[in-house]
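# An overview of the molecular structure
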Amino acid sequence: MEIAHLVKKRATCLRRQVGAVIVKDKNILATGYNGAPSGIMHCADRGCLREQLGIPSGERHEICRGLHAEQNAIIQSAKHGTSIQGATLYCTNQPCGICAKMVINAGIERIVYEDGYPDELASDMIAESGITLVHYTRK
């Protein structure tokens, strides 16, 4: 989890910095943080579209220039041809609904998260999928 906190320092989102690390067999397979796609102007430079439109946290995820940390970690795995089937996702925040669907289909078997996220549907889908969800308390 400490590595996820280190990775989140690279986040370019103005509202929330999130870090994710995908691990399997005690090996780090991929990391991700939230921010705009490669080659696209960062929100720190352009401004937050969600903030400008007054969109509350946890709602209307499609109205955002950025990708979530979990999405970036999964994409990084795919880009480099690394299977994450059976892996554990360490994330500083519990995944949202969009990320939960991606995590389920990627074959991740366990999610360790620190802070919650206001998305009941995500929690329901994760529970239904059989993924182990572990709330981590930082010491």
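Above this note sits the structure.
Residues numbered from 1 in each chain as written. Predicted model: local features only at pLDDT ≥ 70, side-chain atom pairs only at ≥ 80, totals over all residues. Heavy atoms only, no water.

### Some remarks on the overall build of the protein chain
Inclusion rule: Secondary structure elements are defined from DSSP: runs of H or I of at least 4 residues count as helices, runs of E of at least 2 residues count as strands, and each element is numbered from the N terminus. Only the C-alpha atoms count toward the radius of gyration. The rule for a globule is 2.2 Å times the residue count to the power 0.38. Burial classification: accessible surface area is computed with a 1.4 Å probe over protein chains only, and a residue below 20% of its type maximum counts as buried, one above 50% as exposed, and the rest as partly exposed. The contact definition used throughout considers only heavy atoms, calling two residues in contact when any of these lie within 4.5 Å. The method behind every accessible area is Shrake-Rupley, applied with a 1.4 Å probe, and residues are considered shielded solely by the protein chains displayed. His is not counted here, nor are the chain ends, while Lys and Arg score as positive and Asp and Glu score as negative. Note that the charge is assigned to NZ on lysines, CZ on arginines, CG on aspartates and CD on glutamates.
Counting its regular elements, the protein chain contains 6 helices and 5 strands. Each helix (α) and strand (β) of the protein chain, taken in turn from the N terminus, gives the series α-β-β-α-α-α-β-α-β-α-β. Here the C-alpha radius of gyration of the protein chain, 14 Å, is about what a compact globule of 139 residues would show, namely 14 Å. Projected onto its principal axes, the C-alpha coordinates of the protein chain cover approximately 40 × 30 × 30 Å. Burial statistics for the protein chain: of 139 residues in total, 43% are counted as buried. At a minimum sequence separation of 6, the contacts of the protein chain that also span at least 24 residues come to 55%. When the accessible surface of the protein chain is summed, it comes to about 7800 Å², and 50% of that surface belongs to carbon and sulfur atoms. Each charge class in the protein chain can be summarised by its mean position, and for the 16 positive and 14 negative side chains these summaries are 8 Å apart.

### Quick look at the pattern of salt bridges
Spelled out, the test is: The working definition used for a salt bridge is a side-chain nitrogen of Lys or Arg within 4 Å of a carboxyl oxygen of Asp or Glu.
Summed over the entire model, instances satisfying the criterion amount to 3 salt bridges. Across the pair E2 and R138 runs a salt bridge whose closest N-O atoms are separated by 3.1 Å. Here the residue E2 occupies a position in helix α1 (residues 2-8), and R138 occupies one in the segment after β5 (132-135), the gap between them amounting to 136 residues. According to the relative accessible area criterion, R138 is partly exposed, its value standing at 38%.

### Some words on the nonpolar core
Filter applied, for reference: Think of a nonpolar core as a cluster: buried Ala, Val, Leu, Ile, Met, Phe, Trp, Tyr and Cys residues, connected wherever their side-chain atoms sit within 4.5 Å.
Formed by 19 residues in total, the largest nonpolar core has its most connected members in I22, I84, L89 and V103. Mapped onto this core, the elements with two or more residues apiece are β1 (19-24), α4 (69-79), β3 (88-93), α5 (97-106) and α6 (120-129). Not counting the four nearest positions on each side in its chain, L89 is found in contact with A20, V21, I22, E70, P95, V103, I108, R110, I111 and V112. With 6 residues, the next largest nonpolar core counts M1, A4, V21 and V23 among its residues.

### Structural notes on α6
For clarity, the cut-off: As used here, the arc is the angular range of directions from the helix axis to the C-beta atoms. Think of a polar contact as two N or O atoms within 3.5 Å of one another; within protein, one of them needs to be a possible hydrogen donor and the other a possible acceptor, and neighboring residues in sequence only count if both atoms come from side chains.
Along α6, the residues that are buried comprise A122, M125 and I126. Projection of α6 onto a plane perpendicular to its axis shows the buried side chains occupying an angular sector of 100°, all on one side. Turned more than 90 degrees away from the buried face of α6, the exposed residues are E120, L121, A127 and E128. Looking at the buried positions of α6, the neighbouring elements they touch are α5, β4 (110-115) and β5. The distance from a side-chain oxygen at the start of α6 to the backbone nitrogen of L121 is 3.3 Å, and the residue carrying that oxygen is D119. Trailing α6 by a residue or two, G130 shows a phi angle of about 90°, which is positive.

### A look at the packing of α4 against α5
Inclusion rule: In this analysis an axis means a line fitted to C-alpha atoms, helices contributing only their contacting stretch, and an angle means the value between N-to-C directions, from 0 to 180 degrees. These descriptions rest on fixed angle ranges, namely under 35 degrees for roughly parallel, over 145 for roughly antiparallel, 65 to 115 for roughly perpendicular, and the rest for oblique. Here a crossing is taken to be left-handed if its near helix is turned anticlockwise relative to the far helix by less than a right angle, and right-handed if that turn runs clockwise.
Their axes nearest at 9 Å, the elements α4 and α5 cross at an angle of 30°. By the angle between their axes, α4 is roughly parallel relative to α5. You can see that α4 and α5 cross each other, and the crossing is left-handed. Contacts from E70, Q71 and I74 in α4 reach I98, C99, M102, V103 and A106 in α5.

### Some words on α4
Listed in full, the buried residues belonging to α4 are A69, E70, Q71, N72, A73, I74 and S77. In this structure, the buried side of α4 is in contact with β1, β2 (27-33), β3 and α5.

### A closer look at the pairing of β5
Definition in use: Paired strands, as defined in this entry, are two strands with at least two bridges between them according to DSSP. Handedness is read with the strands pointing away from the viewer; a crossover is right-handed when the path from the first strand over the helix to the second is clockwise.
Alignment of β4 against β5, held across 4 bridges, turns out to be parallel. If you follow V112 over to β5, its bridge partner there is V134. You can see the chain leave β4, run along α6 and come back into β5, and the turn it takes is right-handed.

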